[in-house]
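# A structural walkthrough
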Amino acid sequence: MANPSPQTIARKTMTALMREARLAGWARVKGEIKPDGSVTVDAGMNSTDYADDFLNSDLRMGK
């Protein structure tokens, strides 16, 4: 059998990670598989569905 591609390995790794995170009760798991096969994961026990602490007036540029 041929060696699996980096993308295939990354996809299987991400699938296993997401499955285990759901079983563990994590509130959020998001993954990104890049073309070179690298994986970026954003996971946590709390959701990010809360309001920002910044107001539009705090985000002005300049003086």
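Cut-offs applied
Residues numbered from 1 in each chain as written. Predicted model: local features only at pLDDT ≥ 70, side-chain atom pairs only at ≥ 80, totals over all residues. Heavy atoms only, no water. Salt bridge = Lys/Arg side-chain N within 4 Å of Asp/Glu carboxyl O. Helix = DSSP H or I, 4+ residues; strand = E, 2+ residues; numbered from the N terminus. Buried < 20%, exposed > 50% of the residue type's maximum accessible area, 1.4 Å probe, protein only. Contact = heavy atoms within 4.5 Å. pLDDT = per-residue confidence, 0-100.

## With respect to the pattern of salt bridges
Counted under the stated rule, the structure contains one salt bridge. A salt bridge links Arg28 to Asp42, with the shortest nitrogen-to-oxygen separation between them at 2.7 Å. You can see Arg28 sitting in strand S1 (residues 28-33) and its partner Asp42 sitting in strand S2 (residues 39-44), a full 14 residues away along the chain. When its relative accessible area of 37% is taken as the criterion, Asp42 is described as partly exposed.

## Section: the environment of Trp26
Checked against the element boundaries, Trp26 lands in the loop between helix H1 (6-24) and S1. In this structure Trp26 comes out as partly exposed when scored by relative accessible area, which is 37%. Residues Trp26 and Asn46, spaced 20 residues apart in sequence, show a C-alpha to C-alpha distance of 7.5 Å. Setting aside its immediate chain neighbours within four residues, Trp26 contacts Ala21, Ala43, Gly44 and Met45.

## A few points about the confidence of the model for the chain
The predicted structure's coordinates, where accompanied by low pLDDT, should not be read in detail. Across the chain, pLDDT averages 76, with 70% of residues at or above 70. Per-element averaging of pLDDT across the chain places S2 at the bottom with 81 and H1 at the top with 85.

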